[in-house]
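# Notes for the structure review
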Amino acid sequence: MDKQPKTADELADLLNAALQTTAVCNGVSVKSVHRDDHPHAQSNWTAEYQTASGDHAHPDCKRAFIAAKYRLQQMYDLKAD
């Protein structure tokens, strides 16, 4: 199955929407989406999150972020610049 290309902003919006569905992710947002050219990567992009307070995210939020990122990486590629 071919993956649909998305811009970094579009992928960040999708990830942020997924985070908003998890109560423990209040104040957590996507910091960056960028290309991942690692030869063993399952996708051509990865992402990091940030917290509004600068503290660590709740473990359940970390798990939700990783799960959402994995799911989106199965469906979308980062659009070439």
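Look above for the structure.
In this report, we go over the structure that sits alongside the text.

Basis of the calculations
- Residues numbered from 1 in each chain as written.
- Predicted model: local features only at pLDDT ≥ 70, side-chain atom pairs only at ≥ 80, totals over all residues.
- Heavy atoms only, no water.
- Helix = DSSP H or I, 4+ residues; strand = E, 2+ residues; numbered from the N terminus.
- Buried < 20%, exposed > 50% of the residue type's maximum accessible area, 1.4 Å probe, protein only.
- Contact = heavy atoms within 4.5 Å.
- Disulfide = S-S within 2.5 Å.
- Core = buried A, V, L, I, M, F, W, Y, C linked by side-chain atoms within 4.5 Å.
- Phe/Tyr/Trp six-rings, centres within 6.5 Å; stacked < 30°, edge-to-face > 60°.
- Polar contact = N/O pair within 3.5 Å; in protein donor to acceptor, adjacent residues only side chain to side chain.

With that settled, consider the overall build of the protein. Within the protein, the regular secondary structure consists of 2 helices and 4 strands. Listing every helix and strand of the protein by position from the N terminus yields β-α-β-β-α-β. Here the C-alpha coordinates of the protein stretch approximately 35 × 20 × 20 Å along the principal axes. For the protein, buried positions account for 31% of its 81 residues. Taking the contacts inside the protein whose residues are at least 6 apart along the sequence as the reference set, 58% of them involve residues at least 24 apart.

Scanning all chains against the criterion turns up 1 disulfide. For C25, the disulfide goes to C61, at an S-S distance of 2.2 Å. Every disulfide takes its handedness from the sign of the S-S torsion; for C25 and C61 that torsion is 120°, giving right-handed. With a gap of 36 residues between them, C25 in the loop between α1 (8-20) and β2 (28-35) and C61 in helix α2 (residues 59-75) connect regions that are remote in the sequence. Neither C25 nor C61 differs from the other in exposure class; each is buried.

Among the nonpolar cores identified, the biggest contains 18 residues, and L15, V33 and W45 are the most heavily contacted of them. Those elements that provide at least two residues to this core are α1, β2, β3 (45-51), α2 and β4 (76-78). Among the elements that line this core, the one with the most residues is α1, at 5 residues. V33 has contacts with A8, L11, A12, L15, W45, T46, A47 and L78, leaving out every residue within four places of it along the chain.

Evaluation of the coordinates by the stated rule reveals 1 aromatic pair. Taken together, a centroid distance of 5.2 Å and an interplanar angle of 70° make the contact between Y49 and F65 edge-to-face. Placement of Y49 in strand β3 and of F65 in helix α2 is noted, with a sequence separation of 16 residues between them. For Y49, a relative accessible area of 27% puts it in the partly exposed group. The class of F65 is buried, set by a relative accessible area of 4%.

On to the side chain of S43. Mapped onto the fold, S43 is located in the loop between β2 and β3. Judged by relative accessible area, S43 falls into the buried class, the value being 7%. For S43, the side chain forms a polar contact with the side chain of W45, separated by 3.2 Å. Setting aside residues up to four positions removed in sequence, S43 forms contacts with K3, D36, Q73, Y76 and D77.

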